[in-house]
Amino acid sequence: MPPITDTILRRVSVRTFEDRPLADEDRADLEAFIAGIETPFDVPVTFRLLDAEPHSLKSPVIVGAHSYVAAKVARVHGADLACGYAFECFCLHAIERGLGSVMLAASLSRKTFEQAMEVAPNEVMPVASPVGYPAAKRSLRESMMRKAIKSDERLPWEQIFFSGAYGTPLRPSDAGIFSQPLEMMRLAPSAANRQPWRVVVDGDMVHFYEERTLKESALGDIQKVDMGIALSHFDLVRQEAGITGGFVPSDPGLTTPSGVEYITSFNAAR
Ligand SMILES: Cc1cc2nc3c(=O)[nH]c(=O)nc-3n(C[C@H](O)[C@H](O)[C@H](O)COP(=O)(O)O)c2cc1C
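Definitions and limits used
- Residues numbered from 1 in each chain as written.
- Predicted model: local features only at pLDDT ≥ 70, side-chain atom pairs only at ≥ 80, totals over all residues.
- Helix = DSSP H or I, 4+ residues; strand = E, 2+ residues; numbered from the N terminus.
- Rg over C-alpha atoms; globule rule 2.2 N^0.38 Å.
- Buried ≥ 20, exposed ≤ 12 C-beta atoms within 10 Å, placed from the backbone.
- Near = placed C-beta within 6 Å.
- Nonpolar A, V, L, I, M, F, W, Y, C, P; charged D, E, K, R; others polar.
- Domains from an automatic or database assignment.
- Contact = placed C-beta atoms within 7 Å.
- Axes fitted to C-alpha atoms, helices over the stretch in contact; angles between N-to-C directions.
- Left-handed = near helix turned anticlockwise from the far one by under 90°.
- Pairing = 2+ DSSP bridges.
- Parallel < 35°, antiparallel > 145°, perpendicular 65-115°, else oblique.
- Core = buried A, V, L, I, M, F, W, Y, C linked by C-beta atoms within 7 Å.
- Arc of directions from axis to C-beta.

### Re the overall build of the protein chain
When helices and strands are tallied, the protein chain shows 9 helices and 10 strands. Relative to a compact globule of 270 residues, whose C-alpha radius of gyration would be 18 Å, the protein chain shows 18 Å and is just as compact. Principal axes of the C-alpha set define a box for the protein chain whose edges measure 55 × 40 × 35 Å. Relative to its 270 residues, the protein chain shows a buried fraction of 40%.

Spelled out as structure tokens, the structure:
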């Protein structure tokens, strides 16, 4: 398997697919993978690989997909975080098999997907994604969307990563062992490319915050899914780099601007 950093660097949302079903071996591999996805957040996430046609699954932004993957989770604290983390593990794995995907929160016929997922009243299905073979050329609609929301851009370090206090910029050269995990986190995908993640590094502790810019909907806070995705990039890269430790709720009580919510912390064990 390629290093996770290579996979993250190659990752890009795919909305335009070759018009062919998944090969049996890819389908079997994905089924096995989704059955075993785990997160550090102690909230089980249930995935299903769904055939588009029998379930009438479609999205106005997707071309050519024969299959979708969706995830559901109980409506409990940490549900969106766990879902984002687990779903990104799936998307990164798919890349390693030459498959493309894109998480969809808004651009889908939600009722149809929820029926196919048999979502119970105490559960939520934050996102679903097509999965298939990326087409050689993007649809015009996809290219226009990417331009409109500046999908190829990311916020610079100084705006999102801080040292000791919220708002004091952290330079990559001062981030020590966390430099690579944070850089790979910076490249994570997010709803409308809003990149709500903010981080304060303080010694062995990395504190994660959400700067919310999208309104909460009936679906809840989709930017918590973004936070889960970002944490998965951080966590997978630090694991590969041999940095031991784990996520612990440990709010340092720092002064933050309004609209900023403390999420969790990573404590690097020495
Ligand atoms: C939680 C989440 C929800 C998203 N919802 C949609 C969506 O409804 N429709 C869509 O076309 N793209 C959606 N996206 C894809 C983002 O627009 C995309 O990740 C972002 O523009 C960055 O582009 P990239 O993934 O190619 O780096 C979503 C992404 C995430 C993480």
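### A short note on the site of the ligand
In the vicinity of the ligand, 22 residues are found, and the nearest of them are Ser-13, Ala-106, Ser-107, Ser-151 and Pro-189. Ranked by residue count, the leading element in the shell around the ligand is helix 9 (residues 222-240), at 4 residues. Partitioning the shell around the ligand into residue classes produces 16 nonpolar, 5 polar and 1 charged. Two domains each put at least three residues into the shell around the ligand: domain 1 (4-142) and domain 2 (157-268).

### Quick look at the domain arrangement of the protein chain
On domain assignment, one finds that the protein chain holds domain 1 (4-142) and domain 2 (157-268). Distance between the C-alpha centres of domain 1 and domain 2: 23 Å. Domain 1 puts 18 residues into the contact, and the matching count from domain 2 is 24 residues. Those elements that provide at least two residues to the side of domain 1 that touches domain 2 are helix 1 (4-10) and helix 4 (79-96). With 8 residues, helix 4 is the single largest residue contributor to the side of domain 1 that touches domain 2. Among the residues making up the side of domain 1 that touches domain 2, the classes are represented as 13 nonpolar, 3 polar and 2 charged.

### Thoughts on the packing of helix 8 (residues 179-186) against helix 9
The description of two helices packed together rests on the angle between their axes and the distance between the axes. In the contact formed by helix 8 and helix 9, the axes pass within 8 Å of each other and the chain directions differ by 150°. In terms of crossing hand, the pair formed by helix 8 and helix 9 is right-handed. Contact residues: Gln-180, Pro-181, Leu-182, Met-184 and Met-185 in helix 8; Ala-230, His-233, Phe-234, Val-237 and Arg-238 in helix 9. Grouping the constituent residues of the contact of helix 8 with helix 9 by class yields 7 nonpolar, 2 polar and 1 charged.

### Some points on the sheet that holds strand 9 (residues 245-248)
In spatial order, the strands read 6-7-8-10-9; together these 5 strands make up an open sheet with mixed pairing. Single-partner strands in this sheet number two, and they are strand 6 (161-163) and strand 9. Taken over all neighbouring pairs, the strand axes of this sheet differ in orientation by 25° on average, direction set aside. Where strand 8 (residues 205-211) meets strand 10 (residues 260-268), 7 bridges bridge the pair, whose relative direction is antiparallel. Its bridge partner lying in strand 10, His-207 is registered against Ser-265. Contacts from helix 9 reach strand 7 (197-202), strand 8 and strand 10 within the one sheet, and its direction differs from that of strand 8 by about 150°.

### What to know about the packing of helix 4 against helix 9
Two numbers describe how helix 4 lies on helix 9: the axes approach to 6 Å, and their chain directions differ by 50°. By the criterion of interaxial angle, the relationship of helix 4 to helix 9 is oblique. For the element pair helix 4 and helix 9, the recorded crossing hand is right-handed. Here helix 4 contributes Asp-80, Leu-81, Ala-82, Cys-83, Gly-84, Tyr-85, Glu-88 and Cys-89 to the contact with helix 9, which in turn contributes Lys-224, Val-225, Asp-226, Met-227, Gly-228, Ile-229, Leu-231 and Ser-232. Per-class residue counts for the contact of helix 4 with helix 9 are 9 nonpolar, 3 polar and 4 charged.

### As for the nonpolar core
Judged by nonpolar contacts, the single largest core of 71 residues is most densely connected at Ala-71, Ala-82, Cys-83, Ala-86, Phe-90, Ala-128 and Val-199. When residues of this core are assigned to their parent elements, the largest contribution, 11 residues, is made by helix 4. The residue makeup of this core includes at least three contributed by each of domain 1 (4-142) and domain 2 (157-268). If we skip the residues at most four places from it in the chain, Phe-90 touches Phe-33, Ile-34, Ile-37, Phe-47 and Val-69.

### Observations regarding helix 5 (residues 110-117)
Of the residues making up helix 5, those classed as buried are Phe-113, Ala-116 and Met-117. Buried residues of helix 5, seen end-on, are gathered within an arc of 95° and therefore sit on one face of the element. Packing partners of the buried residues in helix 5 comprise strand 1 (45-51), helix 3 (52-55), strand 2 (67-74) and strand 5 (128-132). A positive backbone phi angle near 50° is found at Glu-118, which sits one or two residues after helix 5.

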